[in-house]
Amino acid sequence: TSADGPEQPAQRFTASPNPARGATELRWAGSGAPCRIEVFDVTGALRLRAEVPAGTRSYRWNGEDGAHRALPGGAYWVRRTEGLVREHARVTLTR
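Residues numbered from 1 in each chain as written. Predicted model: local features only at pLDDT ≥ 70, side-chain atom pairs only at ≥ 80, totals over all residues. Heavy atoms only, no water.

## With respect to the nonpolar core
- Counting 18 residues, the largest nonpolar core has Phe13, Leu26, Trp28, Ile37, Trp61 and Val78 as its most contacted members.
- With residues up to four places along the chain from it excluded, the contact list for valine 78 reads Phe13, Leu26, Ile37, Glu38, Val39, Glu87, His88, Ala89 and Val91. (Core = buried A, V, L, I, M, F, W, Y, C linked by side-chain atoms within 4.5 Å. Buried < 20%, exposed > 50% of the residue type's maximum accessible area, 1.4 Å probe, protein only. Contact = heavy atoms within 4.5 Å.)

Structure below.
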């Protein structure tokens, strides 16, 4: 603990800006191995799947689905999978 209270674990998978008007930069501190980014809407429907090459630790999501259509404003869950490791982030799009 510190004088300001208990230490918080570092966030490993983040989105900035969040909320986002359009694009948001997803960043992580993984090993740099290839990974997959998946975006789900609030109903759990998969809206985007992207493969990220080895050596990359960020992905710019432009707020579009896999067919390059702009998604409506709202909350989305983003999942990053690298081997057996899964991380999640919540992203809010504003339109």
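## Section: the pattern of salt bridges
- Tallied over the entire structure, the rule returns 8 salt bridges.
- Across the salt bridge formed by glutamate 38 and arginine 79, the nearest N and O atoms sit 2.8 Å from each other. Here glutamate 38, found in strand β3 (residues 35-40), pairs with arginine 79, found in strand β6 (residues 74-82); they are 41 residues apart in sequence, far enough to count as distant.
- Residues glutamate 82 and arginine 80 are paired through a salt bridge, measuring 2.7 Å at the closest nitrogen-oxygen approach. For the pair shown, glutamate 82 and arginine 80 are each scored as buried.
- Several salt bridges converge on common partners, so that one network encompasses Arg12, Arg80, Glu82 and Glu87. (Salt bridge = Lys/Arg side-chain N within 4 Å of Asp/Glu carboxyl O. Helix = DSSP H or I, 4+ residues; strand = E, 2+ residues; numbered from the N terminus.)

## A look at the packing of aromatic side chains
- Enumeration over the complete set of coordinates arrives at 2 aromatic pairs.
- Each ring, one from tryptophan 61 and one from tyrosine 76, has its centre 5.8 Å from the other, and the planes form 70°; the classification is edge-to-face. In this pair, tryptophan 61 is assigned in strand β5 (residues 58-61) and tyrosine 76 in strand β6, connecting sequence segments 15 residues apart. Tyrosine 76 matches tryptophan 61 in its accessibility class, with the two residues each being buried. (Phe/Tyr/Trp six-rings, centres within 6.5 Å; stacked < 30°, edge-to-face > 60°.)

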